[in-house]
Amino acid sequence: MPVFWLGHVRVWASGLRRAHFASAYITRRSSWSSVSGQVTDWYNGQVSFSSLRGLTLHLYYRPKGSTTWHYYKTGTVGSNGFFHFSEAKSHGYYFKVVLPAQGPFLSCTSPTR
């Protein structure tokens, strides 16, 4: 069985959990955008319904035509895995949300919106 190191802790592959973006969408207005969605826990190939509340999320943006992502802000997962970011950036930008590896959860990235 493969072994992974998370910081100074050795974790057997069967103990790792995967988070998954069940949804991620953007609402654009003339002067602002909002990015919302839900992140869920996957364990052994299925949704486990474990709480991800309080885990850290990072929002990134890139201008259209660019391939470079820029960190924008940090948020947290709310109840039932929902998240919401309100942004000053609007048309002309793409966004993605990243859940960095935390505790037993591996990192995951939302689709680009």
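Conventions used here
Residues numbered from 1 in each chain as written. Predicted model: local features only at pLDDT ≥ 70, side-chain atom pairs only at ≥ 80, totals over all residues. Heavy atoms only, no water. Helix = DSSP H or I, 4+ residues; strand = E, 2+ residues; numbered from the N terminus. Buried < 20%, exposed > 50% of the residue type's maximum accessible area, 1.4 Å probe, protein only. Areas by Shrake-Rupley, 256 points an atom, 1.4 Å probe, with all protein chains shown as cover. pLDDT = per-residue confidence, 0-100. Contact = heavy atoms within 4.5 Å. Pairing = 2+ DSSP bridges. Phe/Tyr/Trp six-rings, centres within 6.5 Å; stacked < 30°, edge-to-face > 60°. Lys NZ or Arg CZ within 6 Å of the ring centre and 35° of its normal.

Caption draft 1: Quick peek at the overall build of the protein. Within the protein, the secondary structure is distributed over 0 helices and 11 strands. For the protein, the succession of helices and strands along the chain, N to C, is β-β-β-β-β-β-β-β-β-β-β. Within the protein, the proportion of its 113 residues that are buried is 36%. As presented, the protein carries roughly 6,700 Å² of accessible surface, and 52% of it is formed by carbon and sulfur atoms.

Caption draft 2: Main features of the confidence of the model for the protein. Looking at the protein as a whole, the pLDDT averages 81, with 82% of positions reaching at least 70. Mean pLDDT values over the elements of the protein span from 43, in strand E2 (residues 9-12), up to 95, in strand E7 (residues 70-76). Note on residues 1-13: pLDDT under 50 across the span, and 19 contacts to partners over four residues away in sequence or across chains.

Caption draft 3: Region of interest: the pairing of strand E4 (residues 33-43). Within E4, 9 of the 11 residues are buried, leaving the element largely enclosed by the surrounding structure. Sheet topology places E4 next to strand E8 (residues 82-87); 6 bridges connect them, and they run antiparallel. Bridging from a neighbouring strand, Ser-33 pairs with Glu-87 of E8. Bridge analysis of E4 against strand E5 (residues 46-47) gives 2 bridges, and the strand direction is antiparallel. Note that in E5 the partner of Tyr-43 across the bridge is Gln-46.

Caption draft 4: Quick look at the packing of aromatic side chains. By the definition in use, this model includes 5 aromatic pairs. Between Phe-21 and Phe-83, the ring centres sit 5.8 Å apart and the planes meet at 90°, which makes this aromatic pair edge-to-face. With Phe-21 in strand E3 (residues 17-28) and Phe-83 in strand E8, this pair connects stretches of sequence that are 62 residues apart. Phe-83 shares its class with Phe-21; the two are buried. Members of the aromatic cluster, joined through ring pairs, are Phe-21, Phe-83 and Phe-85. The cationic tip of Lys-64 hangs over the ring face of Tyr-94; the distance from NZ or CZ to the ring centre is 5.6 Å.

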